[in-house]
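Chain residues, written in single-letter form:
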Amino acid sequence: MEILSQMWSLLGLLTVLQNVLPSQLLSLLHSLYESLQDLLSPYSYFEIPEFNGYCGVDLNDLYRHVHLYLNAANHAPAAACRRLTLSRSPSSNRISFAVAPNHTVQDSFRGHRVTWTHHVDTAQDSLEEKRSFTLRLPKRHRHTLLSPYLAHVTARAEEFERVSRERRLFTNNTTGSGSFESGWVSVPFRHPSTFETLALEPELKRQIKNDLTAFADGKEFYNRVGRAWKRGYLLHGPPGSGKSSLIAAMANFLCYDVYDLELTKVADNSELRSLLIQTTNRSIIVIEDIDCSVDLTADRTTKKTQAAKMSKRKKSQTASFTRCEESGRVTLSGLLNFTDGLWSCCGEERIVVFTTNHRDSVDPALVRCGRMDVHVSLNTCGVHAFRELARNYLGVDSHVLFEAVEGCIRSGGSLTPAHVGEILLRNRGDADVAMREVLAAMQGRMLAAAAVADQTENEDTTVGVRSPESVLLMGSPENWDALSGKKRKDQHGGNNNWDKKVKFFVRLRSLTRSDPGR
């Protein structure tokens, strides 16, 4: 009781002194007390206000990063805090934790314990709140911990912001919109395709995922070698081979936005550059059916024809006519600058994807290295892809008809993933019916191929028994066909038994066919 009475007496004395002493002296005493406390304390304190300066307009980016870092749902120190607030923004489908006002959360970095305190003060006679974070570090290690720890906080915050925000699917407006700010319109991008559900060979999936991961983590590398931080993909294959699904899987894997560029809606090269400037970082720019969007190959043929016919006297007139003719539309030169010109470097971490059903129809300048760095050949459904489709649609890992279906695939009766998926979707309630219908469709494909080969008069003509494959090719363009042909030859070595069977039946039928001319 004596201790309590002494404490009350001390508090009363302090109250009297506060009322008697002038405010300047009290402020000086308070400063001396804080200085003595800082001198004796083993910790250093750093305050991070919500706004820079005193006007309260310029948002402190470091405060936003700390807020995201501490509010990450998978952040163990924040989740262990005694009091949290839960929130979910309209643009995200994730619930985030928020440190409650005037509460403290602990974290560890390089074996040292650091502490964050969230301060929220309300100004007098005002509803505005003053927010800030206070970081407490060990005083002896503050010089070696402060910069690396804040860099770690920023990196984790940016990663959390990237994966938690809602991704968008953009498309360009109609021609002649006349507004720079309305070049793109967007909707939420919620395509369910992932690399886990994609019907591709496991080796091809691994190659694409490794390439995408190396690209996303290669900021320092691209800066060091002096290259723009972008990557080009060319996806080619028959309709229904999964080109659009692969693009969606790439976007979900990297958590990127998707810009679907419709070239037929772009008026000229100037508008094309304007659309490129408006795209954000960490995005995939897609131009589907590049060989059908605009007549790009006509640019070279027209110029060659005009150059052959022009004379020295009419050279300037023809050149001006050509410039007038090319104005008002997207040209091959404009698209080349879009993918690999100076304007393509106005942003970072972008992937440009071209799709086509016929790679040979695309101008070689568009698909050279540096523009389209990776070429992915998507073909009909292979053995591994079929098993993946059966697992996704039917929920089965094995079936008695798997061996027969795989035999048809190796013998040239394979269907596209879209065709197989439609059959499985239609019969997803009965796996036996679905497998029988797939087998019947593949056998019908083999009979049709055999009938076509049977009508030819050349005995060396064989049925199209090439095993389906989807491959990823990188390197010099002139080696792509040679590499893919060599790979097909190697892969077909193990399928000679099936190939010989089909060739034997075809030749036997052609030899036993009666010839009335003999």
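Residues numbered from 1 in each chain as written. Predicted model: local features only at pLDDT ≥ 70, side-chain atom pairs only at ≥ 80, totals over all residues. Heavy atoms only, no water.

- The chain carries the name AAA+ ATPase domain-containing protein in an unreviewed UniProt entry, which gives Phaseolus vulgaris as its organism.
- Word for word, the UniProt comment on the chain under Cofactor (unreviewed entry) is "Mg(2+)".
- Taken directly from UniProt, the Catalytic activity (unreviewed entry) text for the chain runs: "ATP + H2O = ADP + phosphate + H(+)". (UniProt positions renumbered as here; feature names shortened; annotations may be inferred.)

Some details on the overall build of the chain
So, point 1. Along the backbone of the chain there are 19 helices and 14 strands.
So, point 2. Burial analysis of the chain (518 residues in total) assigns 40% to the buried set.
So, point 3. Considering only intrachain contacts with a sequence separation of at least 6, the fraction spanning at least 24 residues in the chain is 70%.
So, point 4. For the chain, the computed accessible surface area is about 30400 Å², with 54% contributed by carbon and sulfur atoms. (Helix = DSSP H or I, 4+ residues; strand = E, 2+ residues; numbered from the N terminus. Buried < 20%, exposed > 50% of the residue type's maximum accessible area, 1.4 Å probe, protein only. Contact = heavy atoms within 4.5 Å. Areas by Shrake-Rupley, 256 points an atom, 1.4 Å probe, with all protein chains shown as cover.)

Some thoughts on the pattern of salt bridges
So, point 1. Across all of its chains, the model carries 14 salt bridges by this definition.
So, point 2. The salt bridge partner of arginine 190 is glutamate 166, with a shortest N-O separation of 2.7 Å. A residue pair is termed long-range when its members are at least 10 positions apart, and arginine 190 in the loop between strand S8 (184-188) and helix H6 (202-216) and glutamate 166 in the loop between helix H5 (142-164) and strand S7 (168-172) qualify at 24 residues.
So, point 3. Classification of glutamate 166 as partly exposed rests on a relative accessible area of 21%.
So, point 4. Here arginine 426 ties to glutamate 437 by a salt bridge, and the two come within 2.4 Å at their closest N and O atoms. Of this pair, arginine 426 sits in helix H16 (residues 417-426) while glutamate 437 sits in helix H17 (residues 431-454), placing them eleven residues apart in sequence.
So, point 5. Accessibility expressed as a relative area gives 47% for arginine 426, which makes it partly exposed.
So, point 6. When salt bridges with common partners are traced through the structure, they connect Asp61, Arg64 and Glu161 into a single cluster. (Salt bridge = Lys/Arg side-chain N within 4 Å of Asp/Glu carboxyl O.)

Thoughts on the sheet that holds strand S5 (residues 112-122)
So, point 1. The four strands are arranged S1-S6-S5-S4 in an open sheet whose pairing can be described as antiparallel. Pairing within the sheet leaves two strands with one partner each, and these edge strands are strand S1 (43-49) and strand S4 (103-109). On average, each strand axis in the sheet is inclined to that of its neighbour by 25°, with strand direction left out of account.
So, point 2. Against the sheet, helix H3 (residues 61-71) contacts S1, S4, S5 and strand S6 (129-138), and its axis sits at roughly 75° relative to S6.
So, point 3. Lying on the sheet, H5 is in contact with S1, S4, S5 and S6; it crosses S6 at an angle near 130°. (Pairing = 2+ DSSP bridges. Axes fitted to C-alpha atoms, helices over the stretch in contact; angles between N-to-C directions.)

Observations concerning the confidence of the model for the chain
So, point 1. Put simply, the chain has an average pLDDT of 76, and 69% of its residues get 70 or more.
So, point 2. Within the model, the stretch residues 311-327 combines pLDDT values under 50 with seven contacts to residues more than four positions away or in other chains.
So, point 3. pLDDT under 50 marks residues 461-467. Its contacts with residues more than four places away, or in other chains, come to 21 contacts. (pLDDT = per-residue confidence, 0-100.)

Examining the packing of aromatic side chains
So, point 1. This structure, assessed with the given rule, holds eleven aromatic pairs.
So, point 2. Ring geometry for tryptophan 184 versus tyrosine 259: centroids 4.9 Å apart, planes at 80°, classification edge-to-face. Placement of tryptophan 184 in strand S8 and of tyrosine 259 in strand S10 (residues 257-260) is noted, with a sequence separation of 75 residues between them. An identical accessibility class is assigned to tryptophan 184 and tyrosine 259; each is buried.
So, point 3. Ring centres of phenylalanine 215 and tyrosine 222 lie 6.0 Å apart, and the angle between their planes is 85°; on these two criteria the pair is classed as edge-to-face. (Phe/Tyr/Trp six-rings, centres within 6.5 Å; stacked < 30°, edge-to-face > 60°.)

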